[in-house]
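Structure at a glance
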Amino acid sequence: MTDKMSQYRLAAIEPWSVSEESFRPEMSMIGESIFTLGNEYMGTRGNFEEGYGGDTMPGCYIGGIYVRERIHYGWQRKGFASHGHNIFNTVNWLDIAVEVDGERLQLDTCAFRDYRRSLNMKSGLLSRQLVFQTRDGAETALTWERLVSYADRHIGAIRFSLTALNHRRPVKLSFALDGRTENHSCCTDRIQTRMLEAGTTEDNLFLLTNIITTGQYTMHRMHVDLPECESLSSGIETVDKRVALVVNAIPTTGETLTFDKIVSVWTSRDAGYPHGLIPRSQDNEIADPVKEKEVIDFLKPRSRRHLTGYGACAYDRIRQAHTEQVSRMWEQCDIEIEGDDAAQQGIRYTMFEMLSTYRGGDPNLNIGPKGFSSEKYCGRTFWDSESYCFPFYLFTNPAATRDLLEYRYNTLGPAREQAKAFGYRGAIYPWTTLDGHEETGACWEYWMGEIHINAIIGYAIWLHAHVTGDKTYLYERGIEVLIEQCRFWDGRSEFIPYRGGYAINRVTGPNEF
């Protein structure tokens, strides 16, 4: 590797890990993306639990949870996309604020040493450690371990430990669910959510929110296991869209306190409404109050039973179930490369992020280009799902490819309507979409010309049958998609007399040229 390339490498070369041995502020945003965790149902960027005042983009996302906003044109013709979809930055469940002797831990302003952050791809665990130094020399060793469970898609968990190395100073911790930060890109400046309820039940805290433009609902419920400590006290704080358990303690020198934060996440999609309560044909943002009550009456008790079902001291059991599931998944797909550790690390990281983004099981979900690592491309689906991602799943998890194909079959009706709007027979699938039903691209020259999406869907149907030998989908559903595709291509092609054959004109390629 050249010296010039080395300066852009964030992590050391290790076959099973991605490790950052020192904190580089200029690489903070890249680090947040690289240390992303997810389980298809939800995911989070590699943000610091305590927050960061430098370059940062907090992001906690849930598959299929999005905002829908009208696209405004200087002039608009028939068939133009009417709305844009954007994956939504939901409640930040990572939040653990740390203060020692009144000084707050924040890496852009405080002193610290022995920093290390590591993603263990073999176990699916993200860990971090450092020693926080106050202005008067008090040193506190801090460690974090985070997971987004592969075994229980509704669970995210963090184990946080602190050790007072040379002091006996007051420590204040705040374990929060924070819904105040919304999207950083792709959306307007308008407020996208309203908080319906924040509070406590038994020994857990919850935050119930509503995405205004889609009529979707999210429920985040949190429990924190506290250590035995004579000086420890706790209380609840609720401010705006944030609810927190605040803990105060004075650890003795050398004493280690360990806290386990367990979060259960549920949405209106779990209540049987995959795209929200506001119909696409409806321009106002008023959800049916009867259906809203139905969703809320589902989310509150379901999330409570789910979280309390784990009982006390749940982190170790959650961790074990998660790591065992990650191990089983590696048995299905690991690729070993001899003699090139950088390539080995790279291929495993790529597969880890693929597995974190999509695993099948929900035919209403697809694959966003950035997974859960960013809001770039708005979490929407492009032709990349079938062209680049489909083969990986086909050879490692064929059931997942069946769900990707079901996604296209379930949206065949809207694709027919799109073709009709442009005067064609058959079906035209959206160039870019999040819910599969609506074209959401505002650049008409792209979605008018990038019709390779229709070709790749047909190819994926054939490839699935060819590789698996299972023609059930092809005969029961795929054939209907293929016929509509043929009708479209028949109308889209034009006879060119001087060539003596047919051509497809007015095309924009995948590289957008």
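Everything discussed here concerns the structure shown above.
Summary of the structure given here.

A few words now on the sheet that holds strand β11 (residues 125-133). Here 10 strands make up an open sheet; going across it, the order is β1-β2-β10-β11-β12-β13-β20-β17-β16-β15 and the pairing antiparallel. Only two strands of the sheet have a single neighbouring strand rather than two, namely β1 (12-13) and β15 (193-201). Summarising the sheet, β1 and strand β2 (residues 17-20) pair through two bridges and their orientation is antiparallel. Within β2, the position partnered with Ile13 by the bridge is Val18.

A cluster of nonpolar side chains, namely Trp75, Trp444 and Met448, defines an oily patch on the protein surface of about 340 Å² accessible area. Assignment of secondary structure puts Trp75 in the loop between β6 (66-70) and β7 (83-87). Note on Trp75: relative accessible area 52%, which makes it exposed.

Further remarks concern empty space enclosed by the protein. Taken as a whole and assessed by the stated rule, the structure comprises six cavities of 30 Å³ or more. Size it by volume and the largest cavity reaches roughly 200 Å³. Every residue lining the largest cavity is counted, 18 residues in all, and those nearest its centre are Gly63, Gly64, Asn366, Gly368 and Gly379. For the lining of the largest cavity, the per-class residue count stands at eight nonpolar, nine polar and one charged.

Another point: the state of the cysteines. The final tally for this structure, using the stated rule, is zero disulfides. This cysteine, Cys313, is not joined by any disulfide, and Cys229 carries the nearest cysteine sulfur, 16 Å off. Judged by its relative accessible area of 57%, Cys313 falls in the exposed class. Cys389 provides the cysteine sulfur closest to Cys333, a residue in no disulfide bond, and the two sulfurs are 14 Å apart.

Before going further, it helps to spend a moment on the pattern of salt bridges. For the structure shown, the criterion picks out 35 salt bridges. Note that Glu406 is salt-bridged to Arg477, the shortest N-O span being 3.3 Å. On the criterion of sequence distance, the pair formed by Glu406 in helix α7 (residues 398-410) and Arg477 in helix α11 (residues 472-492) is long-range, its members being 71 residues apart. Residue Glu406 is classed as buried on the basis of its relative accessible area of 13%. Its salt-bridge partner being Arg506, residue Glu494 comes within 3.1 Å of it at the nearest N-O pair.

Turning our attention to the packing of aromatic side chains. In the structure shown here, the tally under the stated rule is 20 aromatic pairs. The interplanar angle of 70° and the centroid separation of 6.4 Å between the aromatic rings of Trp266 and Phe298 together place this pair among those described as edge-to-face. Of the two residues, Trp266 sits in strand β20 (residues 256-267) while Phe298 sits in helix α3 (residues 289-308), which places them 32 residues apart along the sequence. An identical accessibility class is assigned to Trp266 and Phe298; each is buried. Ring centres of Tyr424 and Phe488 lie 5.6 Å apart, and the angle between their planes is 75°; on these two criteria the pair is classed as edge-to-face. With Tyr424 in the loop between α8 (412-421) and α9 (444-449) and Phe488 in helix α11, this residue pair connects regions lying 64 residues apart in the sequence. The buried category is assigned to Phe488, whose relative accessible area is 1%. Here the basic side chain of Lys376 rests over the ring of Tyr377, its NZ or CZ set 5.8 Å away from the ring centre.

The subject of this paragraph is the environment of Arg153. Along the chain, the position of Arg153 falls in the loop between β12 (139-148) and β13 (155-164). Among the residues examined, Arg153 registers a relative accessible area of 36% and is labelled partly exposed. When sequence neighbours within four positions are dropped, the list of residues in contact with Arg153 reads Asn39, Tyr41, Met42 and Asp270.

Take helix α10 (residues 452-468) next. A turn of α-helix holds 3.6 residues, and therefore any two residues three or four places apart point the same way. Compared with an ideal rise of 1.5 Å per residue, which puts 17 residues at 24 Å, α10 spans 24 Å between its outermost C-alpha atoms and is within 8% of the ideal. All of the buried residues in α10 are His452, Ile453, Asn454, Ile456, Ile457, Gly458, Ala460, Ile461, Leu463, His464 and Ala465. Buried-residue contacts for α10 involve α6 (384-396), α7 and α11. Once α10 finishes, Gly469 follows within two positions and takes phi at roughly 75°, a positive value.

Here we take up the nonpolar core. Leu105, Leu107, Leu142, Phe160, Leu173, Phe259 and Tyr393 are the most contacted members of the largest nonpolar core, which totals 92 residues. The dominant element in this core, judged by the number of residues it contributes, is α10, at seven residues. Those residues in contact with Leu105 that sit more than four places away from it in its chain are Glu50, Val98, Cys110, Leu130, Phe132, Leu142 and Trp144. Listed in part, the 14 residues of the second largest apolar core include Tyr217, Ile278, Ile296 and Leu299.

Next up on the list: α8. Listing the buried residues of α8 in full gives Leu412, Ala415, Gln418 and Ala419. For α8, the angular spread of the buried residues around the axis is 110°, confining them to a single face. Of the exposed residues in α8, those oriented more than 90 degrees away from the buried face are Glu417 and Lys420. Buried residues in α8 make contact with α7 and α11. Looking one or two residues past α8, Gly423 carries a phi angle of roughly 85°, positive in sign.

Reading the values: rules and limits
- Sequence order as written defines the numbering, with residues in each chain counted from 1.
- Given that this is a predicted model, residues contribute local features only at a pLDDT of at least 70 and side-chain atom pairs are listed and counted only at 80 or more, while totals for whole chains, interfaces and linings are drawn from all residues.
- Note that the side-chain values use all heavy atoms of the structure and ignore hydrogens as well as water.
- In this scheme, strands are said to pair when DSSP sees at least two bridges between them.
- Segments assigned H or I by DSSP are reported as helices when at least four residues long, segments assigned E as strands when at least two residues long, and all are numbered from the N terminus.
- A patch consists of residues exposed above 30% relative accessible area that lack any salt bridge, with like charges linked at up to 9 Å and nonpolar side chains (Val, Leu, Ile, Met, Phe, Trp, Tyr) linked at up to 5 Å.
- Computed with a 1.4 Å probe, the accessible areas rest on the Shrake-Rupley method; for each residue, only the protein chains presented here act as cover.
- The salt bridge criterion pairs a side-chain nitrogen of Lys or Arg with a carboxyl oxygen of Asp or Glu, the two atoms within 4 Å.
- When a residue's accessible area, from a 1.4 Å probe over protein chains only, is under 20% of the maximum for its type it is buried; when over 50% it is exposed; and in between it is partly exposed.
- A 1.4 Å probe that fits into a set of points on a 1 Å grid over the protein atoms alone but cannot get out defines a cavity; an open set with protein on both sides within 12 Å along at least five of seven lines defines a pocket, and lining residues are those with an atom within 4 Å of a point.
- Grid points are joined across faces, edges and corners, and a volume is the space filled by probe spheres set on the points.
- Amino acids outside the nonpolar list (Ala, Val, Leu, Ile, Met, Phe, Trp, Tyr, Cys, Pro) and the charged list (Asp, Glu, Lys, Arg) are all regarded as polar, and Gly is one of them.
- The term disulfide is used for any two cysteine sulfur atoms that are within 2.5 Å.
- Pairing of aromatic rings covers Phe, Tyr and Trp, the last through its six-membered ring, and needs centres within 6.5 Å; plane angles under 30 degrees mean stacked, over 60 mean edge-to-face, and all others mean tilted.
- Only lysine NZ and arginine CZ atoms are considered, and such an atom sits over a ring when it is within 6 Å of the ring centre and within 35 degrees of the ring normal.
- We call two residues in contact when some of their heavy atoms are within 4.5 Å.
- Residue count minus one, scaled by 1.5 Å, sets the expected span of a helix.
- Note on terminology: a nonpolar core comprises buried Ala, Val, Leu, Ile, Met, Phe, Trp, Tyr and Cys residues joined through side-chain atoms within 4.5 Å.
- Each C-beta atom gives one direction from the helix axis, and the arc is the one those directions make.

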